[in-house]
Amino acid sequence: MKKYILSVLSIAFLGLTSCTEDIMDDINKDNQHPSPENVSAALQLTDAIMATGFSTVSGDYAFYLSSLTEQEIGVGNNQLMRAELRNSAEWAASTTFNNVWNATYGNLMNIRQMIEKITTGTQGNAEKYDLLGMAQTLEALNFGILTDMHGDIPYSEALQGQENLQPKLDAQKDVYTGILNTLEDAIKNLEKGKDLESAGNQDIAFGNDNEQWMATAYALKARYLLHQLAVTEDKTALLTEVKKAAEKAVELNFKGFLIKEFNGVTCDNPWSAYIRSREYTASSKTVTNLMGTDDPRLPYYIYKTDKSEGGSYQPGDEEIAQVADGSLAYPAWYDLGSQPIHMFSVSELYFILSEVKLRLNEDATTEFQKAVAASVSEIMGWFDDDTDASAYASSLGTPTLQKVFEQKYIAQSVDEQVETYNDLRRVKAMGENYIVLTNPYNTQGGVNRFPERLPYGNSSVLSNPNISSVYGDGYYIYSEKTWINGGK
């Protein structure tokens, strides 16, 4: 009888254990945050757009490069002071850009998951061609920034997870081929899905306006074609191709690839958050000297929070670089918090057209004036300033390459420093120089201390021998040019 009772109790306890495990399994499920493979690709789009802008376009790359391009001054007696003084321990360290390196590849993993779901038709994503084109456009932009900043990067073997934790480095030339092919695929898919609304309100950039995505893809195509000008033999053919892509973006009424989700109260633009938390940026004389006294953007560029008279500062001034109390002048737009992130501005598109037309010996007056007016009118609008942007643009007269690059440099001082860095290296590789950099620390002891590229992220330097062998002690960034800028 006792054995029978024990048997019954054992069975009962086993049943309870099984029931308890089922309950615990159910409790431990995160139904509010399902894994990426279990959600619709559209639900991943918002994060893909925001991460591209917040982390990659307008994050650490832009913060540091603003000092390198002299569009702002690095101050604060900390990291950006060291960057301003061209401290090699700051610029060549694999830890400096590790966060943005990881964030960008993480975002690309998210984008690749979207693409795979749509191409394989899983999770109800079949034939969402518009969404596929959006994801491909974002992929091209993210890989474009990575290779522009670092040169050769993991590309063909990247994003394979546990299957390949040590991807090879692909030559920048091959990465560029891949980027342009991806943009061609994006354009085809956006055309195929032009009447679809697969993204809905998850598209925080354009609200599922597929024509604007197509315009963006053409604008990016123009950008990445132009980046290759220094290393292309048939420059006329390339410039003609750039012009065709840029004009297609204009034809599609490109309105700028922006993120406008910031309100300056509960959600700040990354530059504003950076200024408010770190106070690491001040106004540069290189910019104000180019602006002159007639530029309507000048008073907003030399803003001071205490409303005293603003000013600008000499790049590489050690005393200024050490100021850490927030008393220096800095661009007023960073104080707004609600300004958009420019992933590709309207002004950049027209500056590209201006440059291309001038190099092709064509009149570029209209495009130049539109480029300048787009920058001025946007900034004036932020501050309810009724200055006539078109009149100012007209006052600049007939454009030359010198004027185009000067005005593009000023316009991109808002948050497009990544592209300015690309421009500075590209024209240098072509034997041209339109922006005179004056930081005395760019050369130290007769040795170049202006990085030709940025160092790889620490996570990959430590774990991937393909990258660590190239990185070495990090000083390769001063001597090894990227392919598009005349290197190997």
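Structure: see above.
Residues numbered from 1 in each chain as written. Predicted model: local features only at pLDDT ≥ 70, side-chain atom pairs only at ≥ 80, totals over all residues. Heavy atoms only, no water.

Q: I'm lost on the packing of aromatic side chains in this one. Help?
A: Throughout the structure, instances matching the rule amount to 29 aromatic pairs. Three or more aromatic residues joined by ring pairs make a cluster, and in this case those are F63, W271, Y274, Y280, Y301, W333 and Y334. Seen from the ring of Y421, R425 lies directly overhead, with NZ or CZ sitting 3.8 Å from the centre. (Phe/Tyr/Trp six-rings, centres within 6.5 Å; stacked < 30°, edge-to-face > 60°. Lys NZ or Arg CZ within 6 Å of the ring centre and 35° of its normal.)

Q: Sorry, what's going on with helix α3 (residues 60-68) here?
A: Structural remark: α-helix, 3.6 residues per turn; residues separated by three or four positions point the same way. Burial runs high along α3: eight of the nine residues are buried. Downstream of α3 by a residue or two, E70 has a phi angle that is positive, lying close to 65 degrees. (Buried < 20%, exposed > 50% of the residue type's maximum accessible area, 1.4 Å probe, protein only. Helix = DSSP H or I, 4+ residues; strand = E, 2+ residues; numbered from the N terminus.)

Q: Mind showing me how you'd approach the packing of helix α9 (residues 210-226) against helix α10 (residues 235-251) here?
A: In helix packing, the relevant descriptors are the interaxial angle and the interaxial distance, both defined with respect to the helix axes. Two elements in contact, α9 and α10, have axes whose closest approach is 7 Å; the angle formed by their N-to-C orientations is 160 degrees. The orientation of α9 relative to α10 falls into the category roughly antiparallel. In the crossing of α9 with α10, the sense of the turn from one axis to the other is left-handed. Together, A215, Y218, A219, K221, A222, L225 and L226 of α9 and L238, L239, E241, V242, A245, A246, K248 and A249 of α10 make up the contact between the two elements. Of the residues contributing to the contact of α9 with α10, the split by class is twelve nonpolar, no polar and three charged. (Axes fitted to C-alpha atoms, helices over the stretch in contact; angles between N-to-C directions. Parallel < 35°, antiparallel > 145°, perpendicular 65-115°, else oblique. Left-handed = near helix turned anticlockwise from the far one by under 90°. Contact = heavy atoms within 4.5 Å. Nonpolar A, V, L, I, M, F, W, Y, C, P; charged D, E, K, R; others polar.)

Q: Can you walk me through unusual backbone geometry in this structure?
A: For residues other than glycine, phi is negative in most cases, and the peptide bonds are mostly trans. The phi dihedral of E279 is positive, around 55 degrees, even though this residue is not glycine. With respect to the secondary-structure elements, E279 resides in the loop between α11 (270-278) and β3 (281-282). Even without glycine at this site, N361 takes up a positive phi of about 60 degrees. Summarising the element assignment, N361 is placed in the loop between α15 (346-359) and α16 (365-382).

Q: Sorry if this is basic, but what is going on with the pattern of salt bridges here?
A: Charged atoms that come close allow side chains of opposite charge to pair. Overall, the coordinates contain 17 salt bridges when judged by the stated rule. Of the charged contacts, one joins E251 and K248 as a salt bridge, the two residues approaching to 3.2 Å between their closest N and O atoms. Residue E251 and its partner K248 are both found in helix α10; the two are separated by three residues, about one turn of the helix. Several salt bridges converge on common partners, so that one network encompasses E355, R359, K408, D423, R426 and E432. (Salt bridge = Lys/Arg side-chain N within 4 Å of Asp/Glu carboxyl O.)

Q: Explanation requested: the environment of I484 in the structure shown.
A: With respect to the helices and strands, I484 occurs in the segment after α21 (465-471). Taking the C-alpha atoms as reference points, I484 and F344, 140 residues apart in sequence, are found 20 Å from one another. Those residues within four positions of I484 in sequence are excluded, and the remaining contacts are D148, Q172, Y176, H227, Q228, A230 and V231.

Q: Would you take a moment to explain α10 for this structure?
A: For α10, built from 17 residues, the straight-helix expectation of 24 Å at 1.5 Å per residue is met to within 8% by its first-to-last C-alpha distance of 24 Å. L238, L239, V242, K243, A245, A246 and A249 are the residues of α10 that are buried. Contact partners of the buried residues in α10: α9 and α15. N253 sits one or two residues past α10 and shows a positive phi near 60 degrees. (Expected span 1.5 Å × (residues − 1).)

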